[in-house]
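In case you want the letters, here they are:
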Amino acid sequence: METAGFVDPPEPRLDNDGHLADAADWTRDWAEQTARRDGVELTDLHWWLIGFVRDHYLAYGMPPLMRVAIKAMREAGVAEAASSRTLYRLFPDRPIRQACRYAGVPAPESCI
Amino acid sequence: MPVPHYIALVRDFRVEPAWPTQTAGAETSLLFLHADGVLHAASESAIGHLGDVEIVVCETSWRRRMGSAAPAGHARRGTLVEFFDRLDRAACVHCVGLGGTSATRHSPGMRLCIEIGFAPADDCQRREALEFALAAAALELDAEVRFTGPGCEHLTATGARGWQQFLDHDLLPLMADVAEWRGGPDRLPAGVKIGRFDTPASPGSAVLPADRTILRL
């Protein structure tokens, strides 16, 4: 769409899993819009997990184990009684994998 | 699902282990194929078509190499989590991999030692050794990872990043025996315990006893 000489930026490329092909293309707005299209309303706790998953991926080249995310959640005080159930309530279908999508990082490769 | 008495982990396609004859007399057995070992289930390899053995291929290793094709014969796809779960009920585990072979008696709750003694030839080998250890960490098993000789290369260059999470998040202890390695301890990430395996430790270094269930990758 073009308005008064301004052109909307192109949609970022996605890989075969529907995740951003380039993590550098991620923006909060993109995550918000993608979640909205999926019918997910992102709360503060969703955003915390999305940020944690993204930071972990950028640091280690892969997303975190669930136990790492749960422990970090407790230590950060965002969910002091956090458990795997907490993650599944945020994202019911493979929580870390879903968080990866909104975090703009590739889907986990392994079956862990 | 039958409880396996004897488990074999095969991670190399080039090696044809003597495992089938060693299992004569075993009640039931599980053959778990990981990394290049999954190619046994994609070929005419005898080990991939053993009749009386439950054959499971790691779905991630399989997908990396074979895409969506189905494994041959009666082999089915499974996960590393399943492997470790079944391992805990096994009496003996035999490993054939890039770092050699190992055969260890096992009992439930025995500490696992994931031993990595080969230098990674490519990113896939780096990745799959890391994923193996991550699966044990995901299940919060009593386990450790030992890098021996050329295996220490996993902890350097591009490989160091993935293993760093073990140290930062206290997942599993990492130990290294650098005696047979051309690098030195200063090339390893801080937090990796340096020592000699199977020998008394020198003062100031880690004690690395040998009484573990060895999983030699």
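Residues numbered from 1 in each chain as written. Chains lettered and ligands numbered in written order. Predicted model: local features only at pLDDT ≥ 70, side-chain atom pairs only at ≥ 80, totals over all residues. Heavy atoms only, no water.

Looking now at the packing of helix α2 (residues 44–60) of chain A against helix α5 (residues 160–168) of chain B. In contact at an axis separation of 8 Å, α2(A) and α5(B) are set at 120° when each is read in the N-to-C sense. With respect to α5(B), the axis of α2(A) lies oblique. Across the interface between the two elements, His56(A), Tyr57(A), Leu58(A), Ala59(A) and Tyr60(A) of α2(A) pack against Arg161(B), Gly162(B), Gln164(B), Gln165(B) and Asp168(B) of α5(B). Of the residues that constitute the contact of α2(A) with α5(B), the class distribution is 4 nonpolar, 4 polar and 2 charged. (Axes fitted to C-alpha atoms, helices over the stretch in contact; angles between N-to-C directions. Helix = DSSP H or I, 4+ residues; strand = E, 2+ residues; numbered from the N terminus. Parallel < 35°, antiparallel > 145°, perpendicular 65-115°, else oblique. Contact = heavy atoms within 4.5 Å. Nonpolar A, V, L, I, M, F, W, Y, C, P; charged D, E, K, R; others polar.)

Before going further, it helps to spend a moment on the sheet that holds strand β6 (residues 100–105) of chain B. In a beta sheet, neighbouring strands are held together by backbone hydrogen bonds and run either parallel or antiparallel to one another. Residues and elements named next belong to chain B. The strand order across the open sheet built from 6 strands is β4-β3-β2-β1-β5-β6, with neighbouring strands paired in mixed fashion. Every interior strand has two partners, whereas the edge strands, β4 (76–78) and β6, have only one. Adjacent strand axes in the sheet meet at a mean angle of 20°, parallel and antiparallel pairs treated alike. In this sheet, strand β2 (residues 29–33) lies alongside strand β1 (residues 6–10) in parallel orientation, the contact comprising 5 bridges. In the sheet register, Ala-8 faces β2, and the bridge partner there is Leu-31. Contacts from helix α3 (residues 80–87) reach β1, β2, β3 (54–58), β4 and β5 (92–97) within the one sheet, and its direction differs from that of β1 by about 145°. (Pairing = 2+ DSSP bridges.)

What follows is about the packing of aromatic side chains. Aromatic rings considered in pairs are described by the distance between their centres and by the relative angle of their planes. Enumeration according to the criterion identifies 8 aromatic pairs over all chains in this entry. On the numbers, 5.2 Å between centres and 5° between planes, the contact of Trp48(A) with Phe52(A) is stacked. Residue Trp48(A) and its partner Phe52(A) are located together in helix α2, separated by 4 residues, close to a single helical turn. Overall, Phe52(A) belongs to the buried group, its relative accessible area being 16%. Seen in terms of ring centroids, Phe83(B) and Phe132(B) are 5.8 Å apart; in terms of plane orientation they differ by 50°. Their pairing is tilted. (Phe/Tyr/Trp six-rings, centres within 6.5 Å; stacked < 30°, edge-to-face > 60°. Buried < 20%, exposed > 50% of the residue type's maximum accessible area, 1.4 Å probe, protein only.)

Right, let's get into unusual backbone geometry. Residues and elements named next belong to chain B. Even without a glycine there, the phi angle at Glu-140 is positive, about 55°. Tracing the backbone through its elements, the reader meets Glu-140 in the loop between α4 (123–138) and β8 (143–148). Residue classification places Glu-140 among the exposed positions, given a relative accessible area of 56%. A positive phi angle, near 55°, is found at Asp-170, a position not held by glycine. If you trace the backbone, Asp-170 turns up in the loop between α5 and β9 (174–177).

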